[in-house]
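Per-entry structural report
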Amino acid sequence: MLGKVNTMDEGTIVHVDYDLYYAESGELVETTREETAKKHEVHQEGREYTPLVCVVGSGNLIPGFEESLLSAKANKDVSLEIAPADAYGEKDPEQIETISIDKLVRHVRDPKSLYIGGPVTIEGRQGTLSYLAAGRARIDYNHPMAGKTLKYDYKIVKVIEGKEEKVAALLESNTGQSGFEVSFDGDDVSIVVPQTMLFDPNAAMMKFRLVTVLRDAVDAGKVSFVEVHEPRVADHDHDHDHDHDHDHGEDLSKLSVAELKERCKAAGLPVGGKKDDLIARLSAEEE
């Protein structure tokens, strides 16, 4: 439905394809486009490259990007630079701390994993290791993109219309899950959650947040989440095939995230985290 919208009103839900660069160096920071990732040799196998789903004017994006979206037109390429003041702010020297390497090591599980520019957590604060030498370490608690001028190349590729589609889009963008079934009865909405979300340890907190998101975005009344627990079906031949695969060193990286979560669920393992976390759990279980 691209032709019906000239510029974006606040509250419009859109799909945005974008490339984000550091303006000064031209380094690619993030992209939703697979071809861009391949061009810059940062393509991630197993990642699904899909447009960003966002609510225009919701305040969830950096101010400069939000302002640009309000004046953007669907299916039109936009390129803009955003100064630090309208992005992640200037770098605050008060948010940079120098500590001893001994203190750093005490807060890191694997000291060999440390590297300049890598994330570290000290006493509950997430920062970036910016210096390591002469018995001292410098931790920068500023946002990694603070002080940077950013360049966005983006296009609004879809404008969401229809209450069910809006709700589904918001659910997917806020949970990282897909496969929601949405239906309305007046202003009340019923949501059948996907099987993979049933075993997410963060699901309960996500539901509380989603109720607020949906009421703000589509004026939803009563919000009901429906969990359908399918019966397990014993399949000895299938289990035998899995044992055969494991005996011969199955390449778990070729499985999708959904398949890995199903494997973890069947093995009684946590299903949260990224693809690498799921593979690590399954590999440790096999050993």
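Structure first, text after, so check above.
Bear in mind the structure is a predicted one, so any value in this text is a computation, not a measurement.

Analysis parameters
- Residues numbered from 1 in each chain as written.
- Predicted model: local features only at pLDDT ≥ 70, side-chain atom pairs only at ≥ 80, totals over all residues.
- Heavy atoms only, no water.
- Helix = DSSP H or I, 4+ residues; strand = E, 2+ residues; numbered from the N terminus.
- Contact = heavy atoms within 4.5 Å.
- Areas by Shrake-Rupley, 256 points an atom, 1.4 Å probe, with all protein chains shown as cover.
- Lys, Arg positive; Asp, Glu negative; His and termini not counted.
- Charge placed at Lys NZ, Arg CZ, Asp CG, Glu CD.
- Buried < 20%, exposed > 50% of the residue type's maximum accessible area, 1.4 Å probe, protein only.
- Pairing = 2+ DSSP bridges.
- Core = buried A, V, L, I, M, F, W, Y, C linked by side-chain atoms within 4.5 Å.
- Expected span 1.5 Å × (residues − 1).

Along the backbone of the chain there are 8 helices and 12 strands. Counting only C-alpha atoms and orienting by the principal axes, one finds that the chain spans roughly 60 × 55 × 35 Å. Sequence-distant contacts in the chain: of pairs separated by 6 or more residues, those separated by 24 or more amount to 57%. With the model as given, the accessible surface of the chain reaches about 17,300 Å², and the carbon-plus-sulfur share is 47%. The averaged location of the 55 negative side-chain charges in the chain is 4 Å from the averaged location of its 33 positive side-chain charges.

The next thing to look at is the pairing of strand S6 (residues 119-122). Two faces, one strand: in a regular strand the side chains alternate between the faces of the sheet. Only one face of S6 is covered, namely the face carrying Val-120 and Ile-122; the face carrying Pro-119 and Thr-121 is uncovered. The sheet contact formed by S6 and strand S7 (residues 125-133) spans 4 bridges and is antiparallel. Looking at the pairing, Ile-122 lines up with Arg-125 of S7. Counting the residues in the hairpin turn of S6 and S7 gives 2 residues, including Glu-123, whose phi is positive at 50°.

Of note, Ala-83 is situated in the loop between strand S4 (77-82) and strand S5 (96-100). Residue Ala-83 is classed as partly exposed on the basis of its relative accessible area of 37%. Residues Ala-83 and Ala-23, 60 residues apart in the sequence, show an inter-C-alpha distance of 9.4 Å. The residues contacting Ala-83, other than those within four sequence positions of it, are Lys-148 and Thr-149.

The biggest cluster of nonpolar side chains holds 23 residues, and the ones touching the most others in it are Val-167, Leu-171, Ile-191 and Leu-214. At the level of elements, strand S3 (52-55), helix H4 (163-175), strand S11 (188-192) and helix H5 (203-218) are the ones that each hand at least two residues to this core. Leu-214 has contacts with Val-167, Leu-170, Leu-171, Ile-191, Asp-219, Ala-220 and Val-223, leaving out every residue within four places of it along the chain. Formed by 22 residues, the second largest nonpolar core is a distinct cluster that contains Met-8, Leu-20, Ala-74 and Tyr-154.

Moving on to the environment of Ile-279. Note on placement: Ile-279 falls in helix H8 (residues 275-286). Overall, the relative accessible area of 18% leaves Ile-279 in the buried class. Between the C-alpha atoms of Ile-279 and Leu-260, which are 19 residues apart in sequence, the distance is 7.1 Å. Dropping the residues within four chain positions of it, Ile-279 is found in contact with Leu-252, Ser-253 and Leu-260.

Here we come to the environment of Arg-215. Relative to the helices and strands, Arg-215 is located in helix H5. Taking the relative accessible area as the measure of exposure, Arg-215 reaches 42% and is therefore partly exposed. Note: C-alpha distance between Arg-215 and Glu-81 (134 residues apart in sequence) is 33 Å. If near-sequence neighbours (up to four positions away) are discounted, Arg-215 is found in contact with Ala-220, Gly-221, Lys-222 and Val-223.

Before going further, it helps to spend a moment on H5. Under the 1.5 Å per step criterion, the end-to-end length of H5 is 21 Å for 16 residues, consistent within 8% with the ideal 22 Å. Within the sequence span of H5, burial applies to Ala-203, Met-206, Lys-207, Leu-210, Leu-214 and Val-218. Following H5 by one or two positions, Asp-219 adopts a phi angle in the positive range, close to 55°.

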